[in-house]
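# Chains, contacts and geometry: an overview
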Amino acid sequence: MLLELKDLTLLYGRIQALHGISLTVGEGEIVALIGANGAGKSTTMRAISGLRAVAQGSILFDGEDITKLRADLRVVRGVSQSPEGRGVFPGMSVRENLEMGAYTRRNRAEIDEDLDRVFTLFPRLKEREKQAGGTMSGGEQQMLAVGRALMSRPKLLLLDEPSMGLAPMLIQQIFDIIVEINQQGTTVLLVEQNAQQALSRAHRAYVLETGRIVKEGTGQELLHDPAVKDAYLGVA
Amino acid sequence: DDSSGSGDTATGSTCDLKIAFFGALTGGNAQLGINIRDGAKLAVDQYNTKNADCKVGLVEKDSAGDPAQASGLATSLVADTKLLGVVGPAFSGESKVANPILSKEGVVIITPSATNPALATQGDKTFHRGLGNDASQGPGAANYIKTVLKSQKVFVVDDASEYGKGLADQVKQVLGATVVDSAVVKEQQVDFGAVIDQVKGSAADAIFWGGYYREASPFLKQYRDAGGKAKFIAGDGVKDQAFVDGAGAANAEGAILTCPCVPPEKAGGTFAADYKAATGREAGTYSAEAFDAANIMLEGIKAGNTTRDKLETFVDSYQGQGVTTKFKFQENGEIDPASVAVWAYKVEGGKVIAEQETPK
Amino acid sequence: MNFQFLGDHFVSLTVTGLTQGAIYALVALGYTLVYGVLRLINFAHSEVFMIGTFVTTIIWAGLGFSVGDAAPGTLGVIGLIVIAMIAAGAASGATALVVERVAYRPLRKRNAPSLIFLISAIGASVALSEAVGALTDRQPRGMPTLVVPKVQFSFLGADVTNLQLGIFFSALAMMIGLDIFINRTRLGRGVRAVAQNPDVAALMGVNKDRIIMLIFILGGAMAGAAAVLYDIKVGLTTYSVGFLLGIKAFTAAVLGGIGNLRGALLGGLLLGVVENYGAGVFGNQWMDVVAFMMLVVVLLFRPTGLLGESLGRARA
Amino acid sequence: MSEQLAEREPLLEVDDVTIKFGGVVALNGVDFTLYKGEILGLIGPNGAGKTTCFNTITGVARPTTGTIRFRGEKVVGKKRFQITRMGIARTFQNIRLFPEMTALENVLVGADARHKTSVVGALFRLYRVRVKPEELTEVTATGGMTRLAQQLSRTGQRFFGLSRHILEERAARAKGMELLQLVGIEGRAGELARNLAYGEQRRLEIARALATEPHLLCLDEPAAGFNPAEKESLLALIRKIRDTGVSILLIEHDMRLVMGVTDRIVVLEFGKKIAEGSPSEVRDNPAVIAAYLGVPTDAA
Amino acid sequence: MSTIMSSLRRADEGRARAMTGLRSRWSSLPRAWRIGAIGAFMVLLYSLPGLNIPLIKTPDTDFTSVLFLCAVYVLVAVGLNVVIGLAGLLDLGYIGFYAVGAYTVAILGSPNSPVVVKFPWIVCVPIAIAVAMLSGVLLGWPTLRLRGDYLAIVTLGFGEIIRVFALNSNITNGNRGINGVPVPSEANWPSWMTWFPYVSSEKQIFSVSNVIGFYWLALTLVVLCILGVRRLERSRVGRSWLAIREDEEAAEVMGVPTFKYKLWAFAIGAALGGLSGALFFSKQTFINAQGFDLFTSILWVAAVVIGGAGNQLGVAVGAILLAYLPERFREFADYRLLIFGVALIVMTIFRPQGLLPSRRRSVELEDRAKEASVVE
Ligand SMILES: Nc1ncnc2c1ncn2[C@@H]1O[C@H](COP(=O)(O)OP(=O)(O)OP(=O)(O)O)[C@@H](O)[C@H]1O
Ligand SMILES: Nc1ncnc2c1ncn2[C@@H]1O[C@H](COP(=O)(O)OP(=O)(O)OP(=O)(O)O)[C@@H](O)[C@H]1O
Ligand SMILES: CC(C)C[C@H](N)C(=O)O
Ligand SMILES: [Mg+2]
Ligand SMILES: [Mg+2]
């Protein structure tokens, strides 16, 4: 197992957001996490990337306990997150934002190669290479955030709602891209509201409700689970 | 026996009475206050050795030379019913604030050092000044500049204080057109780059400084460092060894410091030696004046003037020879003009040496 | 008002203004770096500077050069200055770091709001200056005249001295170095990332604590260097020397656009020059008024300073 | 259809609006009209200029050229709070509540837009309004007051009236609760806004905007981050709001939501309007498909 | 309607739950008890100068003068709290308003000022308040459009400009200052007041050497001002300030005329600052630029924050400590500020919400602290 969460609990002040989450992500998998607003999906992601301290439980990555490891050191080990709400660096140019994604990497040639790849994936970014990240439109920022996460060549890529704010055409594209990077060897943990797309691309998936995992199975299983259909897929 | 809020001077016992020193003991100009405090202290100590059965206490109020603190300190002084008189306040600024408060409650004031002329015209009935004021010192300094130094272009600096501005204005008035330019510095200023530009730009050959040594020393040092050659003249606020040390002996060399005070070594009696024995230091500026002021009050108390009112009457009509001069106060509290002398001192070999009385 | 004086001495006032401004700018860098990253007015930075001025005198005295001593030859002077720069830079950097550790880090760990940081900063500032005040009996401390100003050349009627040239260009060199560091290097990019979004920066693998330490040390070291230049220029220091200079330097930082390194340079120089003109026209006592007036006027037209913010995150 | 529209009363008229940011032309001569009582959708690819358009209407950005009229009055150049008081309310794409105020207080701030109590009035409370006897009970029902005190205060109010401040305050709280009920979070009224779940915060934003008593409500991607089930209930809420007489301008990428709720749609691309019409017209417009929808999907 | 009322009640309960222990116990007392307790406390405050409480007396300075200073500082803090605590505007140059108020009284009322109009105190003070308020508006007009920290430095500059102006201008008599600032009344105490210790019919009600009259006046003004500000706080005005503090742009979009309310906060703060200055220097009888250094201004901000910005009781406590402790511990004169500085750091670390925080802030800070990432 590349990632293993054991019985994770997390608090925001007086509010308990996670009530004992356990899940696993195997090497080479795409695992989706779906659930209603406020279920705790983003919170789980923050716990894994180290932005939030967990109250109880443990996080194992690559067989090692990283529960108490600082966020930036987790990046060095190969965990990279594209955060909810994009989090582009508003004062840096598009290019600098992408370079930040490769902050822990030293090999210039490889970085340039990846930069080219991102620019081919999102031509709009190439077009606006020098524009400040903060002035990009909502969807453009989303592209930038995903592109930046790719720049670190992580072992485990955490994507928090990568399709949010994207136009319908681009949504298709972004999921294709996710599958493509996965096939190139990156493990992906994906949080999505667009459950339809997410489940049809994911190997496995978990359903989260008010801080607890209530269901798990392969993507296809959940896609056809009537309860899931009812709650998260809408009337198809 | 805390009876704050009451200014009643009636008191049963005639012993344990007090007089106070009021002035800077800390802060950048502390040395000026310390000299005075030690002079007064010497007088009180000598009195108490002689009158061991009925001592007089010396209260020390440290104002840091800050007029803003003066009112609080003065109020606390008047509240103490055993306290009859004050030697001080040392500086003119704080005097201006404290005197009305002290005077209103009848506390006798003899300042050995505050030289601003206006202090005598505030209507403070218990105010006395045991030395000449800046209406003598200012012209004294100006005449020295004119007749001894023969300067043609004088630059006048003041620190906007009651004392400094007052003195500088007196000097300007006498010098008239020979003043080429002037500047105002701030209290506690340390960087004088802009003023120095101005002085150099004016091509003055003499600088008159109306202010205290705290600002004068760094100014002179920076001025000399910047290659300034003009002569430096200042008043009593600069007349202390601390000035020479602060500016650096080489930079201060040749500076002229005026003072409406007698050179301490010329003071009568055994004062200079006693002071040295008591403090381990040479008597400083106004130490002797403070010694005299304290002695006048002590003499009054000894003579049975044990209330503020009685002491006030005693001092008003006092006549006598102190170690510095002959004392007799005019109606407005100023010392008899005949007793006033303004001296010019010169920094030589890193020491402040009495040079001559200033030309009239 | 004395516009005649300004006219007559325009160039020379400019030259002295630039020298003073260079020192403001160096100190302003510290404010700008810390503000840019933490959105915190590091009030204690003025004391970081003050410590530098004292360490310089102590080092020189330790090497046998106290007030009134004659300066050694040119090489000796350069040696003394370099040693002082290293020592004061280190001491000021260390002081800044200690302030960060003691006064700010505990608050950061609790996610305290910025007003609280300001109070802690004020506390640190007061404590440092008063501690030095108590240690020095609140007496100023002089130092030897190392550089006797010598006119190097005359420019449009103004004499330019070796001292002025030295101060100006060494300050400029340090600032250019810092600018390159922040804008061109990987670590510098990390600094900017933390400034704009600390959480996401951590997700990029940036060690936030280390970046914060770095900026305090850098800012402190610059203040230390400024302290040496100040000592050479003014020849005297005292425990309260930081207060006004600090406020001026902060003003300079805001003037140029706080969080913006080049803004600090521009703001510092402009402030130095304009207030010197002001002193010439209105008299030295109105210098600070001129400085603040200029600040108000500039902010009216450019609400985020002349060059705008750059390290800082946008707030939209 | 279009003849029908012509008879309706225009509420918002966007006329030839252009905005440039340096080299980027974010809006290029856009014009459209929103009629009273309708829900108008604004769609287009990422970076098409939707948010920018929104910003010009609500006074956040100023168009380089062009005019915008609301109920016949010019909007451009007005302060933002004045625009709100004219009757345009908005929510934010990334939630911006007052996090340390309770949900109810958030709504009260919105309601204050229509209040009249001035600083002086709040201080001295001189402006008094007579109240009917049956209205007096609520204020005096403070715990712990003695009978006598109660009676006195009641008599006082009877004769001197109540200050406008108290009346407004009372009305606003009642109205605030009604709005919270409308958006379905009345149970959370006393909770600090930042402790609300994401969806609740979104709803609170809508309630707060409605409290300003707008004629037009502008929603920027209100469903972002919602799952289909939640989107469904948002859809119902939007309809409910429209039924109270508020017109709506909606930016949204979720086609099902847009198609399901809007009366008309305006499509932007590269800052230009490329289509306008009913949902079905727009969905079948080849230019829109090419620019935005991609392969005709089952999105709707 | 009834469901709404019951939800309202639930909303209030939610609020009550958020209160800290002591506070909720206090507010759950019957109203009559609370009024009684406050009344008793007021009586205690008024009679403090007459009570000889040994430990709290100040050794070197007249105790009543210290009480007066405390009252003036509380007034300052109440005003500054409107600006900082309620509207969230960081004003580091508040002392400028204090100076404007003080100088207005001195210049208009003193026989020794360059402007010899010699108005009586009761005329001077309203003018002083008005002038201070006007200066608040004049400063605020151009600068309140600036964002938070820019405002801080600009206000700091304003404070310094006022001081330098006072130091160098003729109308203020420069650094030499103005003597004979008028007192509220030259009258002696009426005989029916003489039962109170230290009050005698031979003494003036307002005199520098018997400060009781000044203290009572200041205390009364403090109470009035606190009540006034409280009214504002609990109205549309206070809510608008809070909204501005939280998110100015969102507030504007919700129809809050943010500029207007910020300007009001500034003007009210300035008026109170002016009143405090006028009051203090009436007692002082002398005024010069020295009383108005930036450092004091910054200390005031510290007092407000440490006391608990936003809560009037808290800022009052902060102000009292700032005025009282240095007088009580004069023997540490040289180390006073050093201790003060260290205390500030320690306080912010151990009690960042302030001594008596507003309910809102204490909850906020508690939650923020818990949330803070502690990943090592
Ligand atoms: N900073 C915070 N402070 C307090 N509570 C928070 C905070 N962030 C999240 N929460 C709460 O924690 C719970 C889980 O939130 P989280 O953001 O993880 O949900 P989510 O599943 O990602 O939802 P969404 O689909 O809306 O993104 C919610 O109830 C939310 O209100
Ligand atoms: N300040 C600016 N400087 C330069 N370009 C800008 C600026 N603001 C916006 N833009 C550009 O203007 C275009 C329109 O942006 P806008 O935010 O209106 O898009 P949008 O239609 O809302 O897109 P999305 O659906 O992605 O939110 C974008 O390409 C954006 O990059
Ligand atoms: C001690 C003296 C230097 C005081 C000075 N003469 C003054 O009037 O303030
Ligand atoms: Mg989420
Ligand atoms: Mg948008």
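The rules behind these values
- Residues numbered from 1 in each chain as written.
- Chains lettered and ligands numbered in written order.
- Predicted model: local features only at pLDDT ≥ 70, side-chain atom pairs only at ≥ 80, totals over all residues.
- Heavy atoms only, no water.
- Near = heavy atom within 4 Å.
- Polar contact = N/O pair within 3.5 Å; in protein donor to acceptor, adjacent residues only side chain to side chain.
- Areas by Shrake-Rupley, 256 points an atom, 1.4 Å probe, with all protein chains shown as cover.
- Nonpolar A, V, L, I, M, F, W, Y, C, P; charged D, E, K, R; others polar.
- Helix = DSSP H or I, 4+ residues; strand = E, 2+ residues; numbered from the N terminus.
- Contact = heavy atoms within 4.5 Å.
- Phe/Tyr/Trp six-rings, centres within 6.5 Å; stacked < 30°, edge-to-face > 60°.
- Buried < 20%, exposed > 50% of the residue type's maximum accessible area, 1.4 Å probe, protein only.
- Lys NZ or Arg CZ within 6 Å of the ring centre and 35° of its normal.
- Disulfide = S-S within 2.5 Å.
- Buried area = accessible area lost by both parts, 1.4 Å probe.
- Salt bridge = Lys/Arg side-chain N within 4 Å of Asp/Glu carboxyl O.
- Patch = residues over 30% accessible without salt bridge, like charges linked within 9 Å, V, L, I, M, F, W, Y side chains within 5 Å.
- Axes fitted to C-alpha atoms, helices over the stretch in contact; angles between N-to-C directions.
- Parallel < 35°, antiparallel > 145°, perpendicular 65-115°, else oblique.
- Left-handed = near helix turned anticlockwise from the far one by under 90°.
- Pairing = 2+ DSSP bridges.

Okay, the site of ligand 3 next. All names here are of chain B. The environment of ligand 3 is made up of Leu-32, Ala-90, Phe-91, Ser-92, Ser-113, Ala-114, Thr-115, Tyr-163, Tyr-212, Asp-236, Gly-237 and Tyr-286. One of the side-chain N or O atoms of Thr-115 is found 2.9 Å from a nitrogen atom in ligand 3. The separation between an oxygen atom of ligand 3 and a polar side-chain atom of Tyr-212 is 2.6 Å. Protein burial of ligand 3: of its 290 Å² of free accessible surface, 100% is covered by the chains. Split by residue class, the shell around ligand 3 holds 7 nonpolar, 4 polar and 1 charged.

Now for unusual backbone geometry. In this structure, the amide linkage connecting B:Gly88 to the following residue, B:Pro89, adopts the cis form with an omega of -15 degrees. Relative to the elements of secondary structure, B:Pro89 occurs in the loop between β3 (83–87) and α3 (92–104). Unusually for a residue other than glycine, B:Ala160 sits at a positive phi of about 65 degrees. Secondary-structure assignment places B:Ala160 in the loop between β6 (154–158) and α5 (162–175). You will see that E:Tyr198, though not glycine, has its phi angle at about 70 degrees, which is positive. With respect to the helices, strands and loops of the structure, E:Tyr198 is situated in the loop between β1 (178–179) and α8 (212–233).

All right, on to the side chain of A:Ser49 then. By secondary structure assignment, the location of A:Ser49 is in helix α1 (residues 41–49). Only 2.6 Å separates the side chain of A:Ser49 from the side chain of A:Gln81, close enough to count as a polar contact. Not counting residues up to four positions away in its chain, the partners in contact with A:Ser49 are A:Ala71, A:Arg74, A:Gln81, A:Leu158 and C:Leu203.

All names here are of chain D. Relative to the assigned elements, Val-282 resides in helix α12 (residues 279–284). A sequence separation of 184 residues divides Val-282 from Phe-98, and the C-alpha atoms of the two residues are 38 Å apart. The residues touching Val-282, leaving out its near neighbours within four places in the chain, are Ile-43, Ile-265, Val-267, Glu-276, Gly-277 and Val-288.

Let us now look at the packing of aromatic side chains. Two descriptors summarise a pair of aromatic rings, namely the distance from one centre to the other and the angle between the planes of the rings. This model, assessed by the stated rule, comprises 39 aromatic pairs over all chains. Between B:Phe192 and B:Phe219, the aromatic rings sit 5.7 Å apart at their centres with planes inclined by 90 degrees, giving edge-to-face as the arrangement. Of the two residues, B:Phe192 is situated in the loop between β7 (179–184) and α6 (193–202) and B:Phe219 in helix α7 (residues 213–225); the sequence distance between them amounts to 27 residues. Comparing B:Phe192 with B:Phe219 shows no difference in burial state: the two are buried. A ring pair is formed by E:Tyr73 and E:Trp300, whose centres lie 5.7 Å apart and whose planes are at 85 degrees; its orientation type is edge-to-face. Taken as a pair, E:Tyr73 in helix α4 (residues 63–86) and E:Trp300 in helix α12 (residues 294–308) lie far apart in primary sequence, 227 residues in all. With relative accessibility at 15%, the residue E:Tyr73 sits in the buried group. Here the basic side chain of B:Lys239 rests over the ring of B:Tyr345, its NZ or CZ set 4.5 Å away from the ring centre. Positioned above the aromatic ring of D:Phe98 is the side chain of D:Arg208, whose terminal nitrogen or guanidinium carbon lies 4.8 Å from the ring centre.

Let's shift gears to the state of the cysteines. Residues and elements named next belong to chain B. Per the counting criterion, the structure on display carries 2 disulfides over all chains. Each sulfur in the disulfide pair Cys-15 and Cys-54 lies 2.0 Å from the other. The disulfide joining Cys-15 to Cys-54 has a torsion of about -115 degrees about its S-S bond and is therefore left-handed. Taken together, the residues span a long stretch of sequence, with Cys-15 in the segment before β1 (17–23) and Cys-54 in the loop between α1 (30–50) and β2 (56–62) at a distance of 39 residues. Taking relative accessible area as the criterion, Cys-54 reaches 22% and is therefore assigned partly exposed.

Moving on to the interface of chain E and chain D. Reports of interface size often rely on the accessible area that becomes lost once the parts have come together. Each partner contributes to the interface: chain E provides 42 residues, whereas chain D provides 52 residues. Where chain E abuts chain D, roughly 4,200 Å² becomes buried across the two surfaces, and 59% of that area is made up of carbon and sulfur atoms. Its largest share of buried area at the contact with chain D, chain E owes to E:Arg236, E:Arg239 and E:Met254, together 20% of the area lost on that side. The tally of links between chain E and chain D comes to 5 salt bridges. In this structure, E:Glu249 engages D:Arg96 in a salt bridge whose closest nitrogen and oxygen atoms are separated by 3.6 Å. At the surface where chain E touches chain D, the tally comes to 11 residue pairs in polar contact (both at pLDDT 80 or more). The set of elements that each furnish at least two residues to the side of chain E that touches chain D consists of α1 (2–17), α3 (31–47), α8, α9 (236–246), α10 (248–253), α11 (258–284) and α15 (359–371) of chain E. Per-element tally for the side of chain E that touches chain D: the top contributor is α1(E), with 9 residues.

Here we come to a nonpolar patch on the surface. On the surface, E:Phe41, E:Leu44, E:Leu51, E:Ile53, E:Leu55 and E:Ile56 cluster together into a nonpolar patch covering about 510 Å² of accessible area. You can see E:Ile53 is positioned in the loop between α3 and α4.

Contacts to ligand 2 come from 20 residues, most closely from A:Ser137, A:Gly139, D:Lys50, D:Thr51 and D:Thr52. Two or more chains meet at ligand 2, and those chains are chains A and D. Within the backbone of D:Gly49, one N or O atom sits 2.8 Å away from an oxygen atom of ligand 2. Here an oxygen atom of ligand 2 and a side-chain polar atom of D:His253 are 2.9 Å apart.

Closest axis-to-axis distance for the helix α10 (residues 241–256) of chain C/helix α7 (residues 148–168) of chain E pair is 11 Å, and the angle between their directions is 135 degrees. Viewed along their axes, α10(C) and α7(E) adopt a mutual orientation that is oblique. Along this stretch, α10(C) crosses α7(E), giving a crossing that reads as left-handed. Residues C:Leu244, C:Ile247, C:Phe250, C:Thr251 and C:Val254 of α10(C) pack against E:Tyr150, E:Ile153, E:Leu156 and E:Glu160 of α7(E). A per-class count over the contact of α10(C) with α7(E) returns 7 nonpolar, 1 polar and 1 charged.

Attention now goes to the side chain of D:Thr58. By the secondary structure assignment, D:Thr58 is in the loop between α2 (50–57) and β4 (65–70). A polar contact of 3.4 Å, which involves the side chain of D:Thr58, links it to the side chain of D:Arg90.

All names here are of chain D. One open sheet holds the 4 strands; their spatial order is β2-β1-β4-β5, and the pairing between them is antiparallel. The open sheet terminates on both sides in strands that have one partner only, identified here as β2 (24–35) and β5 (73–74). Where strand β1 (residues 10–21) lies against β4, 5 bridges are found, and the strand directions are antiparallel. Bridging from a neighbouring strand, Leu-12 pairs with Phe-70 of β4. With respect to the sheet, α2 is in contact with β1, β2 and β4, its orientation differing from that of β1 by roughly 120 degrees.

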